[in-house]
Amino acid sequence: MNLDTVATIANIMASGAVVLTLVFIGLQLRQNAHLTRMAAAQTSAQLLSANLGRITESAELAELIVREKGRESWTPAEFLRVSNFLSISFRHFEVLHTHRRYGIFEDELWEGSEARLRESLSNPGIREWWMECRPLYARSFVKYVDRLAAELEVAQAMATMGQD
């Protein structure tokens, strides 16, 4: 065996090692992406549970949110309380929306979160709060929530049409 043959064999082995390393890195990246998505889902569930816990533990907060006249019936202190609760809720939805846009949060999990967001927006007082506070959120999220709110307003108007 001459030196050229040994060099060729060494190059082939080095190339094979590089390919194996790239395959291993690819598998690690795939596993890491899966773990990231699972961690995002777990964090989301914990945040949602903690925030919903605030409303289940406080009958007063729940009463404020479901008041028929909403914002106009709240004292400044009540508005602060409701606004802080809603800020936490909508920030959570904003993070999930962003995670979904970047493929971190699974579409299947987003469907439940979107249903919860729609449920919140079906409350006219919460929609009114949203209109006041929307400048505090990312433009893409604002555009998304505005579209949902408009859809709900149209649906509610159609549902009440002819009931007068």
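These figures come from a predicted structure and were not determined experimentally. (Residues numbered from 1 in each chain as written. Predicted model: local features only at pLDDT ≥ 70, side-chain atom pairs only at ≥ 80, totals over all residues. Heavy atoms only, no water.)

### Let's talk about the overall build of the protein chain
Piece 1. Summing up its helical and strand segments, the protein chain has six helices and zero strands in all.
Piece 2. Order of helices (α) and strands (β) in the protein chain, N terminus to C terminus: α-α-α-α-α-α.
Piece 3. Taking 164 residues into account, the globule formula puts the C-alpha radius of gyration at 15 Å, and the protein chain, at 26 Å, lies well above it.
Piece 4. Across the 164 residues in the protein chain, those meeting the buried criterion constitute 28%.
Piece 5. A separation threshold of at least 6 residues defines the contact pool for the protein chain, and within that pool the share at least 24 residues apart is 64%.
Piece 6. Of note, the protein chain has its 17 positive side-chain charges centred 4 Å away from the centre of its 20 negative side-chain charges. (Helix = DSSP H or I, 4+ residues; strand = E, 2+ residues; numbered from the N terminus. Rg over C-alpha atoms; globule rule 2.2 N^0.38 Å. Buried < 20%, exposed > 50% of the residue type's maximum accessible area, 1.4 Å probe, protein only. Contact = heavy atoms within 4.5 Å. Lys, Arg positive; Asp, Glu negative; His and termini not counted. Charge placed at Lys NZ, Arg CZ, Asp CG, Glu CD.)

### So, the side chain of Asn-123
Piece 1. Mapping Asn-123 onto the fold places it in the loop between α4 (107–121) and α5 (124–133).
Piece 2. The class for Asn-123 is buried, based on a relative accessible area of 15%.
Piece 3. Once you skip the residues sitting within four places of it in the chain, Asn-123 turns out to touch Ile-65 and Val-66.

That is the geometry; function is a separate question.
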